[in-house]
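# Examination of the molecular architecture
Listed below, chain by chain, are the residues.
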Amino acid sequence: MDRYAVFGHPVKHSKSPKIHAQFAKQTDQDLSYVAMELPLEGFMESARACFEDLNFKGANVTVPFKEQAFALVDELSPRAERCGAVNTLIKLADGRLRGDNTDGLGLVADLKFHKVELADKKILVIGAGGAVRGVLQPLLAENPAKVVIANRTVSKAEDLANDFADLGSVAASAISELNEAFDVVINGTSASLSGFCPVEDPNILAAGATCYDMMYGDKPTVFNAWAAEQGAKTIDGLGMLVEQAAEAFQLWRGVRPETEQVRADLR
C-alpha cells in the first residue's frame, strides 16, 4: 500500500485525509493518507525521513511549511518555481523529490464550479503573502481585464505585481486607497481566522460581485459575512481545498477523481 500524508503544524483539523480516502475509494487506488504534524524546527529533516525511511510516495504541504517545502525539493514544476511555494511533494522513480503547487488551479476550478466568470472581469486580491502568490498565475491565465493586489503594506503588493506583470494587467494598491469597483474580490489573507475583516468599503464591490474567502469554517467567515451584508455572492475556500487535492491526487496516481460528491459530503 502506497503511503501519503499532509504535513502541517497544526494539522489535526485537516480534512485532507477524509478527502483523499474518498478519492482512493472512488478511483480504486490502494493507498493510505494521514495527517502528520511536523516540528516547526526541523521540517526539512522530518519530511525527508518520511520519504527515505518510511517510503512515502507523496505529500501535501500546508501552513506554515510551503516555503520550506520549496527549498526541500530536488526539482520544481514551472508553476511552483513561479510562485515560490510548494504544496504538493511527489517522489520520483529515482528517489528525488519534485515540488508542485496546485493551490491556484484549485481556486480557479472552484470559481468555475460556482459559475463565476473571470475573463474580462476586474479582480481584486486582498493580501500579498504566500497564499496570494500561489494563485496569481492561474488567475491571470483566465484573461481577466485586470488584477489588483491590495495589501496593508503596499510595498509587498507592488513586489508581487512586478513579479507577475509579464502575465497580464496587474497593479498594486494599499487597501485604504482602493477607489474602484471589482467584479470578483478574493480574500487571500488569514484575517478571517482572527475574526477581522480586511476591507470595510462597500464601494469596492461592483453590482453582482462575487466575494471569495480562501479560508473556511463551520460558519461564514467574517469577510463573507460582510460581503453578504452588501448583497454580494459569497464562496468560502472549502471547494478550493477539494479541487487542489484532486490536482495533487492526479499528479500522484495519474487519475483525476470526481469532486462533486466529496464537496457535498464535507458540507
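Okay, so let's go over this structure. Every chain is numbered on its own, with residues counted from 1 as its sequence reads. Per-residue local features of the predicted model are confined to residues with pLDDT of at least 70, and side-chain atom pairs are confined, for both listing and counting, to 80 or more; whole-chain, interface and lining totals are unaffected and use all residues. Heavy atoms throughout the structure, all of them, feed into the side-chain values; hydrogens and water do not.

### Let's talk about unusual backbone geometry
For the bond running from His9 to Pro10, omega is 0 degrees, close enough to zero to count as cis. Its location among the elements puts Pro10 in the loop between β1 (2–8) and α1 (16–27). The amide bond that connects Val63 to the next residue, Pro64, takes the cis arrangement and shows omega of 5 degrees. Within the chain, Lys115 stands out as a residue other than glycine whose phi angle is a positive 60 degrees. Where helices and strands are cited, they refer to DSSP runs of H or I of at least four residues and of E of at least two residues respectively, numbered from the N terminus. Here Lys115 is to be found in the loop between α5 (103–113) and β7 (122–126). Positive phi outside glycine occurs at Asp120, with the angle close to 65 degrees. By the element assignment, Asp120 lies in the loop between α5 and β7.

### Some details on the sheet that holds strand β9 (residues 170–174)
For two strands to be treated as a pair, DSSP must find no fewer than two bridges joining them. The 6 strands lie next to each other as β9-β8-β7-β10-β11-β12, forming an open sheet whose pairing is parallel. Two strands lie at the open edges of the sheet, namely β9 and β12 (233–235), each paired on one side alone. Looking at each pair of strands side by side, their axes are set apart by 20 degrees on average, direction ignored. When strand β10 (residues 182–187) meets strand β11 (residues 205–213), the two strands line up parallel, connected through 5 bridges. Its bridge partner lying in β11, Ile186 is registered against Tyr212. Along the sheet, helix α9 (residues 222–229) contacts β7, β10, β11 and β12; its crossing angle with β11, the most-contacted strand, is approximately 165 degrees. In this analysis, axes come from line fits to C-alpha atoms, helices being fitted only over the stretch in contact, and the angle between any two N-to-C directions falls in the range 0 to 180 degrees. Any two residues whose heavy atoms approach within 4.5 Å at even a single point are treated as in contact.

Geometric descriptors of this kind do not, in isolation, establish any biological role.
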